[in-house]
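So the chains spell out like this:
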Amino acid sequence: MAQPLVSQFSHSLSGTVRVPGDKSISHRAVMLAATAIGESRISGLLESADVIHTVQAMAALGAHLERDADGTWTVSGTGIGGYAQPEGSIDFGNSGTGVRLVAGLVATTPIKTIMTGDASLSRRPMGRIVTPLELFGARIDTAPGGTLPMRIIGAKDPVPITYTLPVPSAQVKSAILLAALNTPGETTVIEPVATRDHTEKMLKAFGADIREDFGEEGRRITVRGEKELHACDIHVPGDPSSAAFPLAAALMCPDSRVTIRNVLLNPTRTGLIQTLHEMGAEIRILNPRQEGGEIVGDLEASTSRLEGIVVPAERAPSMIDEYPILAAIAAHAHGVTRMEGIGELRVKESDRIAAMAAGLAACGVTVRTGEDWMEVDGIGGCIPGGACIETHMDHRIAMAFLVLGLVSRAPVTVNDAAMIATSFPAFVSLMRSLGARISEPQQGAEA
Ligand code: S3P
(Lines give C-alpha, C1' and ligand atoms only; values in the text may rest on other atoms or scores of the structure.)
Protein backbone atom coordinates (compact mmCIF):
# COMPACT_ATOMS: atom_id res chain seq x y z
CA MET A 1 0.00 0.00 0.00
CA ALA A 2 1.25 3.49 -0.86
CA GLN A 3 2.50 5.51 2.10
CA PRO A 4 1.99 9.23 1.44
CA LEU A 5 3.83 11.81 3.54
CA VAL A 6 3.61 15.58 3.68
CA SER A 7 6.23 18.15 4.62
CA GLN A 8 5.72 21.79 5.59
CA PHE A 9 7.73 24.93 6.04
CA SER A 10 10.17 24.50 8.93
CA HIS A 11 12.83 26.65 10.56
CA SER A 12 15.43 26.54 13.31
CA LEU A 13 16.52 22.96 12.58
CA SER A 14 19.13 21.99 15.12
CA GLY A 15 20.83 18.99 16.63
CA THR A 16 23.52 16.38 16.19
CA VAL A 17 22.65 13.18 14.38
CA ARG A 18 24.27 10.08 12.90
CA VAL A 19 23.08 8.77 9.56
CA PRO A 20 22.90 5.02 8.90
CA GLY A 21 25.77 3.02 7.42
CA ASP A 22 26.92 3.54 3.86
CA LYS A 23 24.83 1.49 1.43
CA SER A 24 27.63 0.72 -1.03
CA ILE A 25 30.02 -0.38 1.72
CA SER A 26 27.30 -2.41 3.45
CA HIS A 27 26.51 -4.46 0.32
CA ARG A 28 30.18 -5.15 -0.30
CA ALA A 29 30.92 -6.04 3.34
CA VAL A 30 28.15 -8.66 3.28
CA MET A 31 29.24 -10.09 -0.07
CA LEU A 32 32.96 -10.34 0.72
CA ALA A 33 32.46 -11.63 4.27
CA ALA A 34 30.08 -14.25 2.82
CA THR A 35 32.77 -15.32 0.35
CA ALA A 36 35.79 -15.27 2.70
CA ILE A 37 37.13 -18.15 4.77
CA GLY A 38 36.50 -17.67 8.50
CA GLU A 39 34.31 -15.45 10.61
CA SER A 40 34.00 -11.73 9.83
CA ARG A 41 32.25 -9.19 12.00
CA ILE A 42 30.47 -6.19 10.49
CA SER A 43 29.40 -3.28 12.69
CA GLY A 44 27.39 -0.26 11.60
CA LEU A 45 25.79 -2.25 8.76
CA LEU A 46 22.95 -0.43 7.02
CA GLU A 47 19.95 -2.62 7.85
CA SER A 48 17.76 -1.32 5.04
CA ALA A 49 15.62 -3.33 2.64
CA ASP A 50 18.29 -3.25 -0.11
CA VAL A 51 21.05 -4.61 2.12
CA ILE A 52 18.79 -7.23 3.73
CA HIS A 53 18.07 -8.56 0.22
CA THR A 54 21.83 -8.96 -0.23
CA VAL A 55 22.09 -10.73 3.15
CA GLN A 56 19.35 -13.14 2.02
CA ALA A 57 21.04 -13.66 -1.35
CA MET A 58 24.35 -14.59 0.27
CA ALA A 59 22.53 -16.95 2.66
CA ALA A 60 20.88 -18.58 -0.35
CA LEU A 61 24.40 -19.10 -1.76
CA GLY A 62 25.46 -20.97 1.38
CA ALA A 63 27.00 -18.36 3.73
CA HIS A 64 26.00 -18.07 7.41
CA LEU A 65 25.00 -14.57 8.48
CA GLU A 66 23.73 -13.74 11.93
CA ARG A 67 22.78 -10.51 13.66
CA ASP A 68 24.01 -10.29 17.25
CA ALA A 69 22.00 -8.52 19.96
CA ASP A 70 24.24 -5.42 19.75
CA GLY A 71 23.58 -5.03 16.01
CA THR A 72 26.91 -6.49 14.88
CA TRP A 73 26.68 -9.09 12.10
CA THR A 74 28.80 -12.24 12.24
CA VAL A 75 29.37 -13.83 8.85
CA SER A 76 31.02 -17.15 7.94
CA GLY A 77 31.83 -17.37 4.27
CA THR A 78 31.84 -20.16 1.72
CA GLY A 79 35.35 -19.70 0.33
CA ILE A 80 36.08 -18.73 -3.28
CA GLY A 81 34.17 -21.06 -5.65
CA GLY A 82 32.24 -22.48 -2.68
CA TYR A 83 28.75 -21.12 -3.34
CA ALA A 84 25.90 -23.61 -3.01
CA GLN A 85 23.30 -24.03 -5.72
CA PRO A 86 20.48 -21.66 -4.57
CA GLU A 87 16.99 -23.10 -4.33
CA GLY A 88 14.44 -21.20 -6.42
CA SER A 89 15.04 -17.62 -7.48
CA ILE A 90 16.71 -14.80 -5.52
CA ASP A 91 14.77 -11.55 -5.11
CA PHE A 92 16.84 -8.35 -4.96
CA GLY A 93 13.92 -6.00 -4.30
CA ASN A 94 14.76 -2.44 -5.42
CA SER A 95 18.54 -2.84 -5.43
CA GLY A 96 20.64 -2.40 -8.57
CA THR A 97 23.85 -2.73 -6.57
CA GLY A 98 22.69 -6.00 -5.01
CA VAL A 99 21.70 -7.70 -8.24
CA ARG A 100 24.61 -6.49 -10.37
CA LEU A 101 27.35 -7.28 -7.85
CA VAL A 102 25.97 -10.71 -6.92
CA ALA A 103 25.69 -11.42 -10.67
CA GLY A 104 29.46 -10.89 -10.80
CA LEU A 105 30.05 -13.21 -7.86
CA VAL A 106 28.04 -16.12 -9.31
CA ALA A 107 29.15 -15.71 -12.94
CA THR A 108 32.34 -17.71 -12.43
CA THR A 109 31.00 -20.54 -10.23
CA PRO A 110 29.19 -23.40 -12.01
CA ILE A 111 25.76 -22.90 -10.44
CA LYS A 112 22.48 -21.63 -11.86
CA THR A 113 21.13 -18.42 -10.32
CA ILE A 114 17.77 -16.84 -11.19
CA MET A 115 17.51 -13.20 -10.17
CA THR A 116 14.36 -11.11 -9.80
CA GLY A 117 13.46 -7.65 -8.49
CA ASP A 118 10.58 -5.25 -7.93
CA ALA A 119 8.86 -3.23 -10.68
CA SER A 120 11.50 -0.46 -10.57
CA LEU A 121 14.50 -2.83 -10.67
CA SER A 122 12.80 -4.89 -13.40
CA ARG A 123 12.94 -1.87 -15.71
CA ARG A 124 16.68 -1.21 -15.23
CA PRO A 125 19.34 -2.29 -17.76
CA MET A 126 21.32 -5.46 -17.04
CA GLY A 127 23.05 -5.54 -20.45
CA ARG A 128 25.91 -3.48 -19.01
CA ILE A 129 26.95 -6.42 -16.78
CA VAL A 130 25.77 -9.24 -19.06
CA THR A 131 28.29 -8.24 -21.78
CA PRO A 132 31.46 -8.48 -19.63
CA LEU A 133 30.25 -11.45 -17.56
CA GLU A 134 29.60 -13.48 -20.72
CA LEU A 135 33.21 -12.80 -21.75
CA PHE A 136 34.28 -14.77 -18.63
CA GLY A 137 32.25 -17.71 -20.03
CA ALA A 138 28.99 -17.30 -18.09
CA ARG A 139 25.71 -18.03 -19.94
CA ILE A 140 23.13 -15.37 -19.20
CA ASP A 141 19.51 -14.91 -20.26
CA THR A 142 17.44 -11.84 -19.50
CA ALA A 143 13.92 -10.72 -20.35
CA PRO A 144 13.62 -8.99 -23.74
CA GLY A 145 15.30 -5.58 -23.49
CA GLY A 146 18.03 -6.89 -21.18
CA THR A 147 16.05 -6.61 -17.95
CA LEU A 148 15.17 -8.91 -15.04
CA PRO A 149 14.35 -11.70 -14.51
CA MET A 150 17.88 -12.89 -15.34
CA ARG A 151 19.26 -16.43 -15.33
CA ILE A 152 23.00 -16.91 -14.95
CA ILE A 153 24.75 -20.22 -15.51
CA GLY A 154 28.19 -19.61 -14.07
CA ALA A 155 31.28 -20.54 -16.09
CA LYS A 156 32.86 -23.89 -15.14
CA ASP A 157 36.20 -22.85 -16.61
CA PRO A 158 36.18 -19.05 -16.53
CA VAL A 159 38.70 -17.11 -18.55
CA PRO A 160 40.16 -13.77 -17.42
CA ILE A 161 39.23 -10.61 -19.31
CA THR A 162 40.45 -7.07 -19.89
CA TYR A 163 37.53 -4.67 -20.11
CA THR A 164 37.19 -0.92 -20.55
CA LEU A 165 34.03 0.44 -18.92
CA PRO A 166 31.77 2.00 -21.59
CA VAL A 167 29.78 3.83 -18.86
CA PRO A 168 31.26 5.20 -15.64
CA SER A 169 29.63 2.66 -13.32
CA ALA A 170 31.02 1.32 -10.04
CA GLN A 171 28.46 -1.47 -10.24
CA VAL A 172 29.79 -2.72 -13.58
CA LYS A 173 33.40 -2.36 -12.42
CA SER A 174 32.60 -4.24 -9.22
CA ALA A 175 30.72 -7.06 -10.98
CA ILE A 176 33.85 -7.70 -13.07
CA LEU A 177 36.26 -7.53 -10.12
CA LEU A 178 34.06 -9.94 -8.15
CA ALA A 179 33.80 -12.36 -11.11
CA ALA A 180 37.61 -12.25 -11.30
CA LEU A 181 37.94 -13.72 -7.79
CA ASN A 182 37.20 -17.26 -9.00
CA THR A 183 38.91 -16.88 -12.38
CA PRO A 184 42.46 -18.10 -12.99
CA GLY A 185 44.99 -15.48 -14.17
CA GLU A 186 44.65 -11.72 -14.25
CA THR A 187 41.50 -9.76 -14.99
CA THR A 188 41.83 -6.02 -15.63
CA VAL A 189 39.14 -3.33 -15.59
CA ILE A 190 39.98 0.04 -17.10
CA GLU A 191 37.89 3.00 -16.00
CA PRO A 192 38.37 6.18 -18.03
CA VAL A 193 36.53 8.15 -15.31
CA ALA A 194 37.07 7.22 -11.65
CA THR A 195 34.01 5.85 -9.85
CA ARG A 196 33.57 4.89 -6.19
CA ASP A 197 36.38 2.55 -5.18
CA HIS A 198 34.90 0.67 -2.21
CA THR A 199 35.18 -2.74 -3.89
CA GLU A 200 38.90 -2.27 -4.50
CA LYS A 201 39.54 -1.01 -0.97
CA MET A 202 37.58 -3.81 0.63
CA LEU A 203 39.08 -6.53 -1.57
CA LYS A 204 42.50 -5.38 -0.31
CA ALA A 205 41.28 -5.58 3.30
CA PHE A 206 40.07 -9.17 2.72
CA GLY A 207 43.48 -10.12 1.28
CA ALA A 208 42.69 -10.34 -2.44
CA ASP A 209 45.53 -10.08 -4.96
CA ILE A 210 44.60 -6.68 -6.43
CA ARG A 211 46.62 -3.76 -7.75
CA GLU A 212 45.96 -0.47 -9.51
CA ASP A 213 47.88 1.72 -11.86
CA PHE A 214 47.15 4.73 -13.98
CA GLY A 215 47.67 4.78 -17.74
CA GLU A 216 46.65 7.04 -20.59
CA GLU A 217 43.29 5.24 -20.82
CA GLY A 218 42.55 5.91 -17.15
CA ARG A 219 42.67 3.82 -14.00
CA ARG A 220 43.51 0.10 -14.41
CA ILE A 221 42.52 -2.32 -11.68
CA THR A 222 43.86 -5.85 -11.88
CA VAL A 223 42.79 -8.87 -9.84
CA ARG A 224 44.66 -12.19 -9.90
CA GLY A 225 41.99 -14.75 -9.14
CA GLU A 226 41.69 -18.02 -7.24
CA LYS A 227 43.23 -16.61 -4.08
CA GLU A 228 41.14 -17.20 -0.95
CA LEU A 229 39.81 -14.16 0.90
CA HIS A 230 40.41 -14.17 4.64
CA ALA A 231 37.83 -12.98 7.18
CA CYS A 232 38.01 -9.32 8.11
CA ASP A 233 36.24 -7.02 10.57
CA ILE A 234 34.51 -4.07 8.95
CA HIS A 235 33.08 -0.96 10.51
CA VAL A 236 30.68 0.74 8.10
CA PRO A 237 30.81 4.58 8.21
CA GLY A 238 27.76 6.83 7.77
CA ASP A 239 26.39 7.20 4.25
CA PRO A 240 27.15 10.58 2.63
CA SER A 241 24.25 10.00 0.22
CA SER A 242 21.87 9.83 3.21
CA ALA A 243 23.64 12.69 5.02
CA ALA A 244 22.87 14.84 1.97
CA PHE A 245 19.20 15.20 3.02
CA PRO A 246 19.57 16.64 6.56
CA LEU A 247 22.55 18.63 5.24
CA ALA A 248 20.40 20.22 2.53
CA ALA A 249 17.61 20.96 5.00
CA ALA A 250 20.07 22.70 7.36
CA LEU A 251 21.42 24.86 4.53
CA MET A 252 17.98 25.95 3.30
CA CYS A 253 15.76 26.25 6.40
CA PRO A 254 16.14 29.61 8.21
CA ASP A 255 18.12 29.81 11.48
CA SER A 256 19.40 26.24 11.32
CA ARG A 257 22.59 24.49 12.34
CA VAL A 258 22.97 20.71 12.19
CA THR A 259 25.89 18.39 12.85
CA ILE A 260 26.07 14.98 11.21
CA ARG A 261 28.63 12.68 12.78
CA ASN A 262 30.77 9.94 11.29
CA VAL A 263 30.13 10.51 7.56
CA LEU A 264 32.18 8.72 4.90
CA LEU A 265 34.31 11.30 3.06
CA ASN A 266 35.95 9.10 0.42
CA PRO A 267 36.83 11.55 -2.40
CA THR A 268 34.91 9.41 -4.93
CA ARG A 269 31.75 10.32 -2.95
CA THR A 270 32.16 13.98 -1.97
CA GLY A 271 31.11 15.74 -5.18
CA LEU A 272 28.01 17.21 -3.51
CA ILE A 273 30.01 18.85 -0.73
CA GLN A 274 32.34 20.39 -3.31
CA THR A 275 29.36 21.62 -5.34
CA LEU A 276 27.63 23.09 -2.28
CA HIS A 277 30.84 24.85 -1.22
CA GLU A 278 31.01 26.40 -4.70
CA MET A 279 27.38 27.53 -4.28
CA GLY A 280 28.36 29.30 -1.04
CA ALA A 281 27.31 26.71 1.56
CA GLU A 282 28.57 26.93 5.11
CA ILE A 283 29.59 23.34 5.64
CA ARG A 284 32.49 22.62 7.95
CA ILE A 285 34.28 19.29 7.98
CA LEU A 286 35.23 18.54 11.57
CA ASN A 287 37.56 15.93 12.96
CA PRO A 288 38.52 14.21 9.67
CA ARG A 289 40.06 10.83 10.43
CA GLN A 290 40.94 7.45 8.92
CA GLU A 291 38.71 4.54 9.95
CA GLY A 292 39.02 1.08 8.44
CA GLY A 293 40.80 2.37 5.34
CA GLU A 294 38.24 5.13 4.65
CA ILE A 295 38.23 8.85 5.52
CA VAL A 296 35.36 9.85 7.79
CA GLY A 297 34.49 13.12 9.47
CA ASP A 298 31.66 15.13 11.01
CA LEU A 299 29.76 17.70 8.93
CA GLU A 300 28.39 20.90 10.40
CA ALA A 301 25.98 22.81 8.16
CA SER A 302 24.19 26.08 8.81
CA THR A 303 21.69 28.21 6.91
CA SER A 304 23.44 29.69 3.88
CA ARG A 305 22.74 31.94 0.93
CA LEU A 306 23.32 29.71 -2.10
CA GLU A 307 24.01 30.79 -5.69
CA GLY A 308 23.38 28.69 -8.81
CA ILE A 309 26.45 27.26 -10.59
CA VAL A 310 27.38 24.97 -13.47
CA VAL A 311 28.10 21.46 -12.16
CA PRO A 312 30.56 19.92 -14.64
CA ALA A 313 30.06 16.51 -16.23
CA GLU A 314 33.32 15.10 -14.84
CA ARG A 315 31.98 15.52 -11.30
CA ALA A 316 28.91 13.35 -11.93
CA PRO A 317 30.34 9.99 -10.75
CA SER A 318 31.33 11.45 -7.36
CA MET A 319 27.79 12.68 -6.67
CA ILE A 320 25.68 10.48 -8.93
CA ASP A 321 23.05 9.74 -6.25
CA GLU A 322 22.91 13.35 -5.04
CA TYR A 323 21.35 15.05 -8.09
CA PRO A 324 17.75 14.76 -6.83
CA ILE A 325 18.57 16.68 -3.64
CA LEU A 326 20.84 19.07 -5.56
CA ALA A 327 17.92 19.86 -7.89
CA ALA A 328 15.78 20.69 -4.83
CA ILE A 329 18.56 22.90 -3.43
CA ALA A 330 18.96 24.57 -6.84
CA ALA A 331 15.24 25.45 -6.83
CA HIS A 332 15.72 27.37 -3.56
CA ALA A 333 19.05 28.98 -4.55
CA HIS A 334 19.55 32.31 -6.32
CA GLY A 335 20.14 32.09 -10.08
CA VAL A 336 20.39 29.18 -12.47
CA THR A 337 22.02 25.83 -11.69
CA ARG A 338 23.05 23.72 -14.67
CA MET A 339 23.93 20.04 -14.22
CA GLU A 340 25.85 18.46 -17.09
CA GLY A 341 26.74 14.88 -18.03
CA ILE A 342 23.95 13.29 -15.98
CA GLY A 343 22.53 10.84 -18.55
CA GLU A 344 23.03 7.94 -16.08
CA LEU A 345 20.24 9.43 -13.95
CA ARG A 346 17.79 8.16 -16.56
CA VAL A 347 18.50 4.52 -15.53
CA LYS A 348 18.47 4.81 -11.73
CA GLU A 349 15.61 3.64 -9.47
CA SER A 350 13.52 5.96 -11.69
CA ASP A 351 14.33 8.32 -14.56
CA ARG A 352 15.53 10.93 -12.10
CA ILE A 353 15.82 13.77 -14.63
CA ALA A 354 12.17 13.30 -15.61
CA ALA A 355 10.97 12.74 -12.03
CA MET A 356 12.73 15.85 -10.65
CA ALA A 357 11.68 18.01 -13.59
CA ALA A 358 8.01 17.00 -13.27
CA GLY A 359 7.96 17.41 -9.48
CA LEU A 360 9.74 20.77 -9.49
CA ALA A 361 7.46 22.10 -12.23
CA ALA A 362 4.42 21.00 -10.16
CA CYS A 363 5.88 23.00 -7.24
CA GLY A 364 6.16 26.13 -9.38
CA VAL A 365 9.84 25.92 -10.38
CA THR A 366 11.05 26.42 -13.96
CA VAL A 367 13.21 23.52 -15.20
CA ARG A 368 14.73 22.77 -18.59
CA THR A 369 16.09 19.32 -19.44
CA GLY A 370 17.91 17.48 -22.21
CA GLU A 371 18.92 13.84 -22.60
CA ASP A 372 21.88 14.32 -20.20
CA TRP A 373 21.48 17.73 -18.59
CA MET A 374 19.12 19.74 -16.45
CA GLU A 375 18.81 23.45 -15.65
CA VAL A 376 16.86 24.77 -12.68
CA ASP A 377 15.87 28.42 -12.31
CA GLY A 378 16.38 29.16 -8.63
CA ILE A 379 13.58 31.04 -6.90
CA GLY A 380 15.96 32.56 -4.37
CA GLY A 381 13.84 31.64 -1.35
CA CYS A 382 10.67 29.75 -0.55
CA ILE A 383 9.22 27.56 -3.31
CA PRO A 384 5.48 27.87 -4.06
CA GLY A 385 5.05 24.09 -3.41
CA GLY A 386 1.51 22.82 -2.85
CA ALA A 387 1.80 19.76 -5.10
CA CYS A 388 1.50 16.00 -4.74
CA ILE A 389 4.66 14.42 -6.14
CA GLU A 390 4.86 11.04 -7.85
CA THR A 391 7.94 9.24 -6.41
CA HIS A 392 8.09 6.42 -9.03
CA MET A 393 9.30 3.85 -6.41
CA ASP A 394 12.44 5.95 -5.93
CA HIS A 395 13.66 6.61 -2.37
CA ARG A 396 15.80 9.61 -3.31
CA ILE A 397 12.96 11.33 -5.19
CA ALA A 398 10.76 10.89 -2.11
CA MET A 399 13.39 12.29 0.29
CA ALA A 400 14.35 15.19 -2.02
CA PHE A 401 10.74 16.43 -2.24
CA LEU A 402 10.14 16.01 1.48
CA VAL A 403 13.15 18.28 2.06
CA LEU A 404 11.85 20.71 -0.59
CA GLY A 405 8.54 20.90 1.30
CA LEU A 406 10.43 22.26 4.33
CA VAL A 407 11.17 25.42 2.34
CA SER A 408 7.84 25.66 0.48
CA ARG A 409 4.99 28.07 1.11
CA ALA A 410 2.31 25.38 0.68
CA PRO A 411 2.91 21.80 1.92
CA VAL A 412 4.47 19.25 -0.44
CA THR A 413 3.05 15.73 -0.43
CA VAL A 414 4.85 12.66 -1.81
CA ASN A 415 2.44 10.01 -3.04
CA ASP A 416 4.50 7.08 -1.73
CA ALA A 417 7.41 7.24 0.70
CA ALA A 418 7.62 3.47 1.30
CA MET A 419 10.81 3.11 -0.74
CA ILE A 420 12.73 5.33 1.69
CA ALA A 421 13.18 2.07 3.64
CA THR A 422 15.52 0.79 0.91
CA SER A 423 18.32 3.13 2.03
CA PHE A 424 17.33 5.26 5.05
CA PRO A 425 14.64 3.59 7.20
CA ALA A 426 14.93 6.21 9.99
CA PHE A 427 14.78 9.23 7.65
CA VAL A 428 11.49 10.65 8.94
CA SER A 429 12.30 10.24 12.64
CA LEU A 430 15.80 11.70 12.16
CA MET A 431 14.45 14.71 10.27
CA ARG A 432 11.73 15.25 12.86
CA SER A 433 14.30 15.10 15.67
CA LEU A 434 15.96 18.12 14.00
CA GLY A 435 12.66 20.01 13.92
CA ALA A 436 11.48 19.20 10.38
CA ARG A 437 7.71 19.11 9.98
CA ILE A 438 7.10 15.85 8.12
CA SER A 439 3.93 13.90 8.85
CA GLU A 440 1.25 11.63 7.46
CA PRO A 441 -1.37 13.59 5.53
CA GLN A 442 -4.62 14.23 7.39
CA GLN A 443 -7.45 12.00 6.19
CA GLY A 444 -9.25 13.62 3.29
CA ALA A 445 -6.72 16.47 3.00
CA GLU A 446 -5.78 17.63 -0.49
CA ALA A 447 -2.20 18.57 -1.35
C1 S3P B 1 26.69 2.16 -6.54
C2 S3P B 1 27.04 2.73 -7.72
C3 S3P B 1 26.23 3.74 -8.41
C4 S3P B 1 25.18 4.34 -7.49
C5 S3P B 1 24.48 3.31 -6.69
C6 S3P B 1 25.47 2.55 -5.82
C7 S3P B 1 27.55 1.13 -5.96
O8 S3P B 1 25.56 3.13 -9.51
O9 S3P B 1 24.23 5.07 -8.24
O10 S3P B 1 23.50 3.90 -5.84
O11 S3P B 1 27.40 0.80 -4.77
O12 S3P B 1 28.43 0.62 -6.67
P13 S3P B 1 26.30 2.95 -10.95
O14 S3P B 1 27.43 2.06 -10.76
O15 S3P B 1 25.24 2.33 -11.82
O16 S3P B 1 26.65 4.34 -11.35
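Here is a short report on the structure shown in this document. (Residues numbered from 1 in each chain as written. Predicted model: local features only at pLDDT ≥ 70, side-chain atom pairs only at ≥ 80, totals over all residues. Heavy atoms only, no water.)

### What to know about the overall build of the protein
Here is step 1 of the chain: Across its full length, the protein carries 12 helices and 26 strands.
Here is step 2 of the chain: The C-alpha radius of gyration of the protein comes to 21 Å, within 12% of the 22 Å expected for a compact globule of 447 residues.
Here is step 3 of the chain: Projected onto its principal axes, the C-alpha positions of the protein cover 60 × 50 × 45 Å.
Here is step 4 of the chain: When burial is assessed residue by residue, the protein has 59% of its 447 residues classed as buried.
Here is step 5 of the chain: In the protein, the proportion of contacts linking residues at least 24 apart, taken out of those at least 6 apart, comes to 76%.
Here is step 6 of the chain: For the protein, the exposed surface amounts to about 16000 Å²; the carbon and sulfur share of it is 51%. (Helix = DSSP H or I, 4+ residues; strand = E, 2+ residues; numbered from the N terminus. Rg over C-alpha atoms; globule rule 2.2 N^0.38 Å. Buried < 20%, exposed > 50% of the residue type's maximum accessible area, 1.4 Å probe, protein only. Contact = heavy atoms within 4.5 Å. Areas by Shrake-Rupley, 256 points an atom, 1.4 Å probe, with all protein chains shown as cover.)

### Considerations on the sheet that holds strand β10 (residues 162-164)
Here is step 1 of the chain: With mixed pairing, 4 strands are arranged side by side in an open sheet as β10-β11-β13-β12. In this open sheet, the two edge strands, each paired with only one partner strand, are β10 and β12 (209-215). With strand direction ignored, the average angle separating the axes of adjacent strands in the sheet is 15°.
Here is step 2 of the chain: Across 7 bridges, β12 lies against strand β13 (residues 218-224) in antiparallel orientation. Each bridged residue has a counterpart across the sheet, and for R211 the counterpart in β13 is T222.
Here is step 3 of the chain: Strands in contact with helix α5 (residues 170-180) are β10, β11 (186-191) and β13; relative to β11, the strand with the most contacts, it is inclined by about 170°. (Pairing = 2+ DSSP bridges. Axes fitted to C-alpha atoms, helices over the stretch in contact; angles between N-to-C directions.)

### Considerations on the nonpolar core
Here is step 1 of the chain: Core analysis: the biggest nonpolar cluster contains 77 residues, and I325, M339 and F427 have the highest contact counts within it.
Here is step 2 of the chain: With 9 residues, helix α7 (residues 240-252) is the largest single contributor of residues to this core.
Here is step 3 of the chain: Apart from residues no more than four positions distant in its own chain, M339 is found in contact with V311, Y323, L326, A327, A330, D372, W373, M374 and V376.
Here is step 4 of the chain: Among the nonpolar cores identified, the runner-up in size contains 68 residues, and L46, F92, L178 and I210 belong to it. (Core = buried A, V, L, I, M, F, W, Y, C linked by side-chain atoms within 4.5 Å.)

### A few points about helix α1 (residues 23-33)
Each turn of an α-helix holds 3.6 residues, which means side chains three or four residues apart point in the same direction.
Here is step 1 of the chain: Burial of α1 is extensive: 11 of the 11 residues sit out of reach of the surface.
Here is step 2 of the chain: Among the residues of α1, those classed as buried are K23, S24, I25, S26, H27, R28, A29, V30, M31, L32 and A33.
Here is step 3 of the chain: With a side-chain oxygen lying 3.2 Å from the backbone nitrogen of S24, the N-terminal cap of α1 falls on D22. (Polar contact = N/O pair within 3.5 Å; in protein donor to acceptor, adjacent residues only side chain to side chain.)

### A look at the site of the ligand
Here is step 1 of the chain: If you check the shell around the ligand, you find S24, R28, T97, S169, A170, Q171, R196, I320, D321 and K348 and nothing else.
Here is step 2 of the chain: For the ligand, an oxygen atom lies 2.6 Å from a polar atom in the side chain of R28.
Here is step 3 of the chain: A distance of 2.7 Å separates an oxygen atom of the ligand from a polar side-chain atom of D321.
Here is step 4 of the chain: For the ligand, whose free accessible area comes to 380 Å², the fraction covered by protein is 96%.
Here is step 5 of the chain: Listed by contribution, the elements that provide at least two residues to the shell around the ligand are α1 and α5.
Here is step 6 of the chain: Counted by class, the shell around the ligand contains 2 nonpolar, 4 polar and 4 charged residues.
Here is step 7 of the chain: Taken together, domain 1 (5-21 + 237-439) and domain 2 (23-235) each give at least three residues to the shell around the ligand, which thus spans both. (Near = heavy atom within 4 Å. Nonpolar A, V, L, I, M, F, W, Y, C, P; charged D, E, K, R; others polar. Domains from an automatic or database assignment.)

### Here's the deal with the pairing of strand β8 (residues 139-143)
Here is step 1 of the chain: Both β8 and strand β9 (residues 147-153) contribute to a ladder of 5 bridges, which runs antiparallel. Looking at the pairing, A143 lines up with T147 of β9.
Here is step 2 of the chain: Between β8 and β9, which pair antiparallel in sequence order, lie 3 residues; one of them, G145, sits at a positive phi of approximately 95°.

### Some words on the packing of aromatic side chains
Here is step 1 of the chain: Under the criterion given, the structure shown has 2 aromatic pairs.
Here is step 2 of the chain: Considering the side-chain rings of F245 and F427, the 6.2 Å spacing of their centres and the 85° angle between planes classify their relative orientation as edge-to-face. One end of the pair, F245, is in helix α7; the other, F427, is in helix α12 (residues 427-433), and 182 residues separate them in sequence. Across the pair, F427 and F245 agree in class, each one buried.
Here is step 3 of the chain: Pairing F424 with F427 gives two aromatic rings, centres 5.5 Å apart and planes at 70°, and the pair type is edge-to-face.
Here is step 4 of the chain: Positioned over the ring face of W373 is R338, at 4.7 Å from the centre of the ring. (Phe/Tyr/Trp six-rings, centres within 6.5 Å; stacked < 30°, edge-to-face > 60°. Lys NZ or Arg CZ within 6 Å of the ring centre and 35° of its normal.)

### Focus: the sheet that holds strand β2 (residues 14-18)
Here is step 1 of the chain: Strand order across the open sheet formed by 4 strands is β2-β15-β17-β16, with mixed pairing between neighbours. Here the strands that pair on one side only, and so sit at the sheet edges, are β2 and β16 (282-291). The average angle at which neighbouring strand axes cross in this sheet is 15°, direction not considered.
Here is step 2 of the chain: Across 5 bridges, β2 lies against strand β15 (residues 257-264) in parallel orientation.

### Examining helix α8 (residues 271-279)
Here is step 1 of the chain: Residues G271, L272, I273, T275, L276 and M279 constitute the buried set of α8.
Here is step 2 of the chain: At the C-terminal side of α8, G280 shows a positive phi close to 105°.

### Examining the pattern of salt bridges
Here is step 1 of the chain: This model, assessed by the stated rule, comprises 36 salt bridges.
Here is step 2 of the chain: D298 is the partner of R289 in a salt bridge, and the nearest nitrogen-oxygen pair spans 3.5 Å.
Here is step 3 of the chain: The buried category is assigned to D298, whose relative accessible area is 6%.
Here is step 4 of the chain: Through salt bridges with shared partners, a single ionic network connects R124, R196, D321, E349, R352 and D394. (Salt bridge = Lys/Arg side-chain N within 4 Å of Asp/Glu carboxyl O.)

### A closer look at unusual backbone geometry
Here is step 1 of the chain: For the bond running from L148 to P149, omega is 0°, close enough to zero to count as cis.
Here is step 2 of the chain: Looking at the secondary structure, you find P149 in strand β9.
Here is step 3 of the chain: The phi dihedral of E226 is positive, around 65°, even though this residue is not glycine.
Here is step 4 of the chain: Of note, E226 is situated in the loop between β13 and β14 (234-235).
Here is step 5 of the chain: For E226, a relative accessible area of 54% translates into the label exposed.
Here is step 6 of the chain: In the Ramachandran plot, N262 falls in the positive-phi region, its phi being about 60° despite a non-glycine side chain.
Here is step 7 of the chain: Counting through the fold element by element, N262 comes out in strand β15.
Here is step 8 of the chain: Assessed through its relative accessible area of 8%, N262 is described here as buried.

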